[in-house]
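Structural features, examined
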Amino acid sequence: MSIPAIAVGLAACSAVPASSLQEEEAPWIDEPHHLSVVAAGTHAADEDAPTAGIDYEYRLNRILGVGAVAEYAFEPFNATTVLAVADIHIWRGLGIQTGPGVVLFDSEQLFVYRIGGLYEFELGGGMTISPQLHYEITDSEADAFVYAIALGVGF
């Protein structure tokens, strides 16, 4: 990136009125906790499984949140995934979720790393709905895609 491009970017940021930044920040300041119920599907090894889970986030600031995800993929996988995640809020409802975890099934444990995207639509009253798509890299040959819809509430 060139110095003129950086200068233009900084000038654009400084041109945004402080009041508009405060309005954007207000929801997470008043309600830094966010809990979602997740309905999903998991695709791995040419098979699909319905998946259900919960997702918790604590917003540290306007950009970064930290939390945990727990999901259960039903037949044919019968696997539980538990993740420690960072949620990076890029712009409005657009975000990236990433972090390490484990997949537990039968008597096995696999390391997993998730990277994915989501968009949170605010429904009012602290409620959100969020379509999501995640890619999970495992230490086996069976990486997975998780496609989901999450219904959440801030508090």
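Residues numbered from 1 in each chain as written. Predicted model: local features only at pLDDT ≥ 70, side-chain atom pairs only at ≥ 80, totals over all residues. Heavy atoms only, no water.

**Focus: unusual backbone geometry**
Of note, the bond from Glu-75 into Pro-76 is cis; its omega dihedral lies within 30 degrees of zero at 10°. Even without a glycine there, the phi angle at Asn-78 is positive, about 50°. Within the element layout of this structure, Asn-78 appears in the loop between strand E3 (64-73) and strand E4 (79-91). (Helix = DSSP H or I, 4+ residues; strand = E, 2+ residues; numbered from the N terminus.)

**Side note on the confidence of the model for the chain**
When pLDDT is averaged along the chain, the result is 86, and 82% of the positions lie at 70 or above. Here helix H1 (residues 3-14) stands out as the element of the chain with the lowest mean pLDDT, 43, in contrast to E3, whose mean of 98 is the highest. Residue range residues 1-23 is modelled with pLDDT below 50. Its contacts to residues more than four positions away, or to other chains, number two contacts. (pLDDT = per-residue confidence, 0-100. Contact = heavy atoms within 4.5 Å.)

**Here's the deal with the pattern of salt bridges**
Applying the stated criterion to the full structure yields two salt bridges. Ionic pairing is found between Arg-114 and Glu-71, a salt bridge with its closest N-O pair at 2.8 Å. Here Glu-71 lies in strand E3 and Arg-114 lies in strand E6 (residues 108-119), a separation of 43 residues in the sequence. Its relative accessible area of 0% is what places Arg-114 among the buried residues. Of the charged contacts in the structure, one is a salt bridge between Arg-114 and Glu-136, with a shortest N-O distance of 2.7 Å. You can see Arg-114 sitting in strand E6 and its partner Glu-136 sitting in strand E8 (residues 127-138), a full 22 residues away along the chain. The class of Glu-136 is buried, set by a relative accessible area of 5%. Connected via shared salt-bridge partners are Glu-71, Arg-114 and Glu-136. (Salt bridge = Lys/Arg side-chain N within 4 Å of Asp/Glu carboxyl O. Buried < 20%, exposed > 50% of the residue type's maximum accessible area, 1.4 Å probe, protein only.)

**Description of the layout of surface pockets**
A volume near 340 Å³ is recorded for the second largest pocket. Every element with two or more residues in the lining of the second largest pocket is listed here: strand E1 (33-44), E3, E4, strand E5 (94-105), E8 and strand E9 (144-154). Looking at the lining of the second largest pocket, the element that brings in the most residues is E3, giving three residues. (1 Å grid on protein atoms, 1.4 Å probe; cavity = no way out; pocket = protein on both sides within 12 Å on 5 of 7 lines; lining within 4 Å. Points joined across faces, edges and corners; volume = space filled by probe spheres on them.)

**Quick notes on the packing of aromatic side chains**
The final tally for this structure, using the stated rule, is three aromatic pairs. Judged by centre distance (4.8 Å) and plane angle (80°), the ring pair of Tyr-72 and Phe-74 falls under edge-to-face. (Phe/Tyr/Trp six-rings, centres within 6.5 Å; stacked < 30°, edge-to-face > 60°.)

**Details of the environment of Glu-57**
Here Glu-57 lies in strand E2 (residues 47-59). Each C-alpha atom of the pair Glu-57 and Leu-35 lies 6.6 Å from the other, and the pair is 22 residues apart in sequence.

**Observations concerning a nonpolar patch on the surface**
On the surface, a cluster of nonpolar side chains totalling about 760 Å² of accessible area is made up of Tyr-58, Leu-60, Ile-63, Leu-64, Val-66, Ile-88, Ile-90, Trp-91 and Leu-94. Elements represented by at least two residues in the nonpolar patch include exactly E3 and E4. The biggest single contributor to the nonpolar patch is E4, with three residues. Inspection of the secondary structure assignment puts Ile-63 in the loop between E2 and E3. Overall, Ile-63 belongs to the partly exposed group, its relative accessible area being 44%. (Patch = residues over 30% accessible without salt bridge, like charges linked within 9 Å, V, L, I, M, F, W, Y side chains within 5 Å. Areas by Shrake-Rupley, 256 points an atom, 1.4 Å probe, with all protein chains shown as cover.)

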